[in-house]
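The lines below spell out each chain.
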Amino acid sequence: MRNALGLMLASVVAAVVIAAGGWFYYSARADQGAPKTVAARAADPLPAPAKLATKDDVETTATIAAKPAAPAPTPAPAMPVQQKQACANPNALGVARVVEIDTTGGPGFGFEHFKQFDFLTEKEVVLTFDDGPWPVNTPAVLKALADECTKGLFFSVGKHATYHPEILRQVLAQGHTVGTHTWSHVNLNSKKMTEQQVKDEVEKGFSAVRFALGTNPAPFFRFPHLQHNPAMVTYFGTRNVAMFSTDIDSFDFRKGATPEKIVETVMTRLDKLGKGIILMHDFQKHTGEALPALLARLKAGGYKVVQMKAKTTFQTLPEYDEALLKDLKVPTSSARPIGSVVQTVSQ
C-alpha cells in the first residue's frame, strides 16, 4: 500500500517538475526570440537608405543640410560676373529705369516727329547715338558711358557695321541697345529713290547689323537726316519696327562743333524742355570728347537716364541676308551666329 502511495506521489512530483521545466524552457525561447525579432525590424529599414544614397548620390547630398550649407555658394560662380558688372563709380549717373518697348504696329518716339507716347517723366533722358560703329570715336563714347555706368541706344549704319563688326559687338556686350540707321545713310525722302530702293536700304541695313552682331538687333530704326519717308512709316508698321526721332539735337555733326558747344547746346535745350530723347553721333570725334562733361552736367542737374529695350528682336528677311553675304563675298557658313560656332565651356 505504502509502495503504491509512494509511487503515485513520485509520479505527481515528476509531472509537476516536467511541467515546470517545459514552461521555463518555452519562456526562455520566447524571451530569446523577441530581441531577434526587434533587431530584425530595426535593421530592415537600413538597407533602403543605403541603396538610395548609392543610387541618388547627388540628390541625397543636396538634401543634407550640413554639406549643402557649405556648397550653398553654388551661386558663387555667378558672383564674380555680377561683381565685374558692378559699377566701380559710387557717384555714377547710372540708369534710373529700363523700359521695354512693344514695337507691334511700328510706334514712334521723339516729339520732333512723334507725339503719341510721352513716356518720360520730368528730368528723364534717353541717350541715343547714330552712324557708328567707328574706330576711336565709338570706343570713346563707350568708355564715357561705362565710367558713369549708364546705357545708351545706338543706331548703326549697316555699311559701317560690316567695316567694324568687332566694335559693334562691344556696344552690345556692354549692355547697350542696338538698332539700325539704313545701309548707307542715304536720305530716304530723296526723289531719286524708288520705293524698292528705299526698302532695300532699310532691309539691307538690318541684315548688315545682324551679320555684324551675330544676332538679331532690336526692331528700332532712325531715319537718316530725320527725313521720314511716308511709305516707309507705313511699311514699318507691317514689320513691327519702332521709329525714333528726337527731342534734343546736339548738332555735334556741324562744322565747328566743339565739346564745349555740344554740352551747352544739349543742356540749354534740355533745361528748357525738362526731359527728352537726346540725339548724338558716336561717329563724330567731338561727341566722345564732350560726353564725360555732358554726363557730369546731367548728374549735377538732377537728370536721370532711362534705357530703352525692345520686347522682341528684329527678324531679318532671308533674301536680304543672302544678298548681303553675296555682296560681301562671305562664305555662307559664316552666316551662322557666333554663339553656335564658339562657346565658352570653362572660365
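Residues numbered from 1 in each chain as written. Predicted model: local features only at pLDDT ≥ 70, side-chain atom pairs only at ≥ 80, totals over all residues. Heavy atoms only, no water.

Visitor: How would you explain helix α8 (residues 165–173) if you had to name every residue and give the values?
Guide: When we look at burial in α8, the residues that qualify are P165, I167, L168 and V171. Looking straight down α8, one finds its buried side chains confined to an arc of 160°; they lie on one side. At its buried positions, α8 is contacted by α6 (137–147), β4 (153–156), α7 (158–163), β5 (177–180) and α9 (195–213). (Buried < 20%, exposed > 50% of the residue type's maximum accessible area, 1.4 Å probe, protein only. Helix = DSSP H or I, 4+ residues; strand = E, 2+ residues; numbered from the N terminus. Arc of directions from axis to C-beta. Contact = heavy atoms within 4.5 Å.)

Visitor: An account of the environment of N91 is requested, with residue identities and associated values reported.
Guide: With respect to the helices, strands and loops of the structure, N91 is situated in the loop between α5 (78–85) and β1 (97–101). Since its relative accessible area comes to 54%, N91 is described here as exposed. Taking the C-alpha atoms as reference points, N91 and K299, separated by 208 residues in sequence, lie 9.1 Å from one another. Not counting residues within four places of it along the chain, the set of residues in contact with N91 comprises E148 and K299.

Visitor: Would you mind going over the pattern of salt bridges in detail, with residue names and values included?
Guide: Inspection of the entire model under this criterion finds nine salt bridges. Across the salt bridge formed by E124 and R97, the nearest N and O atoms sit 2.7 Å from each other. Of this pair, E124 sits in strand β3 (residues 124–130) while R97 sits in strand β1; the two residues are 27 residues apart in sequence, bridging distant segments of the chain. The closest approach of N and O atoms between R297 and E264, which form a salt bridge, is 2.9 Å. With R297 in helix α12 (residues 285–300) and E264 in helix α11 (residues 259–273), the pair connects residues that are 33 residues apart, well separated along the chain. Judged by relative accessible area, which is 32%, R297 ranks as partly exposed. (Salt bridge = Lys/Arg side-chain N within 4 Å of Asp/Glu carboxyl O.)

Visitor: How would you explain the side chain of T177 if you had to name every residue and give the values?
Guide: Looking at the element boundaries, T177 is found in strand β5. Looking at T177, the relative accessible area reads 8%, which means it is buried. Residues within four places of T177 in sequence aside, it is in contact with G152, L153, F154, A218, F220, Q307, M308 and K309.

Visitor: Go over the packing of aromatic side chains with me, naming the residues and quoting the values.
Guide: If you walk through the whole model with that rule in mind, you get 14 aromatic pairs. Relative to F117, the ring of F109 has its centre 5.6 Å away and its plane inclined at 35°; by these criteria the two rings are tilted. Residue F109 is classed as buried on the basis of its relative accessible area, which comes to 4%. Following the ring pairs from residue to residue traces out a cluster consisting of F109, F117, F119, F155, F220 and F244. In this structure, K123 packs its charged tip against the face of Y303, placed 4.3 Å from the ring centre. (Phe/Tyr/Trp six-rings, centres within 6.5 Å; stacked < 30°, edge-to-face > 60°. Lys NZ or Arg CZ within 6 Å of the ring centre and 35° of its normal.)

Visitor: Break down the confidence of the model for the protein chain for me, citing the residues and quoting the values.
Guide: Here the protein chain averages 81 in pLDDT, and 73% of its residues register 70 or above. Scored below 50 in pLDDT, residues 1–7 makes zero contacts in the model with residues more than four places away or belonging to other chains. Confidence drops under a pLDDT of 50 for residues 12–84, and excluding neighbours within four residues, the segment shows six contacts in the predicted structure. (pLDDT = per-residue confidence, 0-100.)

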